[in-house]
Amino acid sequence: GLTLGILGGGQLAQMLALAALPLGVRTLVLEPDPQAPARLCAEHLRAPYTDPAGLARLAGCDAVTLEFENVPLEALAALEGRVPLRPGGALLARSKHRAREKEALRAAGVATAPWVTVEAEGDLAGALAAVGGEGLLKTSELGYDGKGQLRVGSDAELRAAWDALGRVPCVLEGRVPFVRELSLAVARTAAGAVACGPLIENTHRSGILRTSVFPAAAPEGTQALAREAARAVAEAWGLEGLLTAEFFQLPGGELLANEVAPRVHNSGHLTQDGGGVSQFEAQVRAVLGLDLGDWAPLLPCAMVNVVGTPDGRAPDWAGIGALPGTRVHLYHKAPRPGRKLGHVNLVAPDVGTLRERLTRLEELIP
Ligand code: ATP
Ligand code: MG
Ligand code: MG
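A quick note: this is a predicted structure, and the numbers were derived from the prediction, not measured.

Q: Now, about the overall build of the protein: what can you tell me, with residues and values included?
A: Helix and strand counts for the protein stand at 11 helices and 17 strands. The C-alpha atoms of the protein give 20 Å as radius of gyration, which agrees with the globular expectation for 366 residues (21 Å, within 12%). The proportion of buried residues among the 366 residues of the protein is 45%. Long-range contacts, defined as pairs at least 24 residues apart, comprise 62% of the intrachain contacts of the protein with a sequence gap of at least 6.

Right, here's the structure in full:
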């Protein structure tokens, strides 16, 4: 059998490990957190990401992938050349840094929101006007779930946001008047085979993903646009592995790329229960150079995230269990406000039934 190394041991590693096992693939996870979700279903190398002994174990795997973008680049540099590393350090360095990411998207011919870098006090003057007068200031690194970004509508607000974010390197993006948010994953093997996943529609609440739905209710031709953009990134960046792109759709139907992640993505979790190959299996397959195919779900499906609430209110698990087509996925994490604790997938025989059940499911999840 094959062994896959994974940098990071969060819920994405948990679900990658669960998808790998039936393919005959064992997983080794390098992750310092003793309580990390993947500890229960993969061999857990409990050490810092840069630990030489841990990295030596990963170097003995058939391939190494990642589930977490904030792995230090030194860890990837230590593995490069010793084991197939997918994605590699150069790709991660781009995707984990918003300014580099946007430059590299533009170089690949993929449109984004207007943006400027704000890296020093002197960059503030004129920045907001340059992106359209209303925008979001985002830290270039370490932001996720809407953390590390603030909406700004005036120069005074921009200045306050720059202070509040700690005067670290940022990008200022123009606010996009999108009609919907979409995502799509692309996988590419080292041999150059490329395949795309389904087009998924996403809604957010307080900067955190709330629901994902397949099929996306987007105009005809949108999937082709998303695939074209994702493929362009995969080819231009020399992707080996799987990458997910987030898009804004404008009123005229055009797509702007928001950001990309070189891995499975929260919006793709619905592929676990839609009847097709899941995004997790797709990443395992892409990284190990196995056949890819298209991993679109076979049935309409959706996902609702279970996120810790300030009052600690739990979902109505009995109600969720009684709703047809639901399946619960928990991450074995201690509850904390704003923390992703699990998700509920939903499947239905047709789009109308999916919409009805999704409305009911959302009422059961605070
Ligand atoms: P993730 O958890 O997806 O990595 P993140 O913290 O990196 O999140 P973004 O994806 O940049 O954050 O933004 C989170 C959400 O905020 C977006 O999905 C979108 O709903 C909203 N948003 C971000 N940038 C813009 C923008 N330029 N215009 C309008 N809305 C935006
Ligand atoms: Mg992000
Ligand atoms: Mg995002």
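Q: Residue-level account of the sheet that holds strand 7 (residues 149-152), with values.
A: The strand order 5-8-6-7 describes an open sheet built from 4 strands, whose pairing is antiparallel. Here the strands that pair on one side only, and so sit at the sheet edges, are strand 5 (115-118) and strand 7. Going from strand to strand, the sheet's axes swing by 25° on average, the running direction of each strand aside. By the bridge criterion, 5 bridges tie strand 6 (residues 135-139) to strand 8 (residues 170-174) in an arrangement that is antiparallel. Residue pairing in the sheet places L137 in a bridge with L172 of strand 8. Here helix 5 (residues 98-107) sits on the sheet in contact with strand 5, strand 6 and strand 8, set at roughly 50° to strand 8.

Q: Go over helix 9 (residues 279-288), please, and point to the residues and values.
A: When you tally the buried positions in helix 9, you get 10 out of 10 residues, the bulk of the element. If you check which residues of helix 9 are buried, you get Q279, F280, E281, A282, Q283, V284, R285, A286, V287 and L288. Residues of helix 9 that are buried in the fold lie against strand 1 (2-7), helix 1 (11-20), strand 2 (25-30), strand 4 (63-66), strand 9 (180-188) and strand 13 (241-249). At the exit of helix 9 stands G289, carrying a positive phi of roughly 75°.

Q: Before we move on, can you summarise the environment of F214 with the specific residues and values?
A: With respect to the helices and strands, the residue F214 is situated in strand 12 (residues 208-214). Residues F214 and A302, spaced 88 residues apart in sequence, show a C-alpha to C-alpha distance of 6.1 Å.

Q: Outline the site of ligand 1, listing residues and values.
A: Taken together, 17 residues are adjacent to ligand 1, and G143, Y144, E173, V176 and H204 come closest. Mapped by element, the contributors of at least two residues to the shell around ligand 1 are strand 6 and strand 14 (255-261). For the shell around ligand 1, the class distribution of residues is 4 nonpolar, 5 polar and 8 charged. When residues of the shell around ligand 1 are assigned to domains, at least three fall in each of domain 2 (114-174) and domain 3 (180-364).

Q: Account for the packing of helix 1 against helix 9, with residues named and values stated.
A: Packing of helix 1 against helix 9 brings their axes to within 8 Å, and their N-to-C directions diverge by 75°. If you check the angle between helix 1 and helix 9, you find them roughly perpendicular. The residues of helix 9 that touch helix 1, namely those facing M15, L16, A19 and A20, are F280, E281, Q283 and V284. When the residues that make up the contact of helix 1 with helix 9 are grouped by side-chain class, the tally is 6 nonpolar, 1 polar and 1 charged.

Q: Outline the pairing of strand 17 (residues 340-347), supporting the account with residue identities and numerical values.
A: Successive side chains on a regular strand alternate, one facing one side of the sheet and the next facing the other. Bridging between strand 15 (residues 301-307) and strand 17 involves 7 bridges; their strand directions are antiparallel. Residue pairing across strands places C301 opposite V347, the latter belonging to strand 17. Strand direction decides the pairing type here: strand 16 (residues 326-330) and strand 17, joined by 5 bridges, are antiparallel. Bridge pairing in strand 17 places V328 opposite V344.

Q: Pulling in residues and values, what's your account of the domain arrangement of the protein?
A: Along its sequence, the protein is carved into domain 1 (2-85), domain 2 (114-174) and domain 3 (180-364). Distance between the C-alpha centres of domain 1 and domain 2: 34 Å.

Q: Which residues make up the sheet that holds strand 2, and what values do they have?
A: The strand order across the open sheet formed by 4 strands is 3-2-1-4, and the pairing between neighbours is parallel. Edge strands, defined here as strands with exactly one partner in the open sheet, are strand 3 (43-45) and strand 4. Across the sheet, the axes of successive neighbouring strands diverge by a mean angle of 25°, strand direction being ignored. Two strands pair when backbone bridges link them, and strand 1 and strand 4 are joined in this way by 4 bridges, in the parallel orientation. Along strand 4, the bridge assignment pairs L4 with A63. Sheet strands in contact with helix 1 are strand 1 and strand 2, and its direction is about 160° off that of strand 2.

Q: So what's going on with the nonpolar core? Residues and values would help.
A: One finds L16, V233 and L243 to be the most contacted residues of the largest nonpolar core, which totals 101 residues. The greatest single-element share of this core, amounting to 7 residues, is contributed by helix 1. Each residue touching L16, except ones within four places of it in the same chain, is listed here: I6, T27, E67, V264, F280, Q283 and V284.

Q: Residues and numbers for helix 1, please.
A: With 9 of 10 residues buried, helix 1 lies mostly within the body of the structure. The complete set of buried residues in helix 1 reads Q11, L12, A13, Q14, M15, L16, A17, A19 and A20. Residues of helix 1 that are buried make contact with strand 1, strand 2 and helix 9.

Q: An account of the environment of L288 is needed here, citing residue identities and associated values.
A: Within the secondary structure, L288 sits in helix 9. Taking the C-alpha atoms as reference, L288 lies 6.4 Å from A63; in sequence the two are 225 residues apart. Those residues in contact with L288, other than ones at most four positions away along the chain, are L2, L4, V25, D62 and A63.

Reading guide: rules and limits
- Residues numbered from 1 in each chain as written.
- Chains lettered and ligands numbered in written order.
- Predicted model: local features only at pLDDT ≥ 70, side-chain atom pairs only at ≥ 80, totals over all residues.
- Helix = DSSP H or I, 4+ residues; strand = E, 2+ residues; numbered from the N terminus.
- Rg over C-alpha atoms; globule rule 2.2 N^0.38 Å.
- Buried ≥ 20, exposed ≤ 12 C-beta atoms within 10 Å, placed from the backbone.
- Contact = placed C-beta atoms within 7 Å.
- Pairing = 2+ DSSP bridges.
- Axes fitted to C-alpha atoms, helices over the stretch in contact; angles between N-to-C directions.
- Near = placed C-beta within 6 Å.
- Nonpolar A, V, L, I, M, F, W, Y, C, P; charged D, E, K, R; others polar.
- Domains from an automatic or database assignment.
- Parallel < 35°, antiparallel > 145°, perpendicular 65-115°, else oblique.
- Core = buried A, V, L, I, M, F, W, Y, C linked by C-beta atoms within 7 Å.

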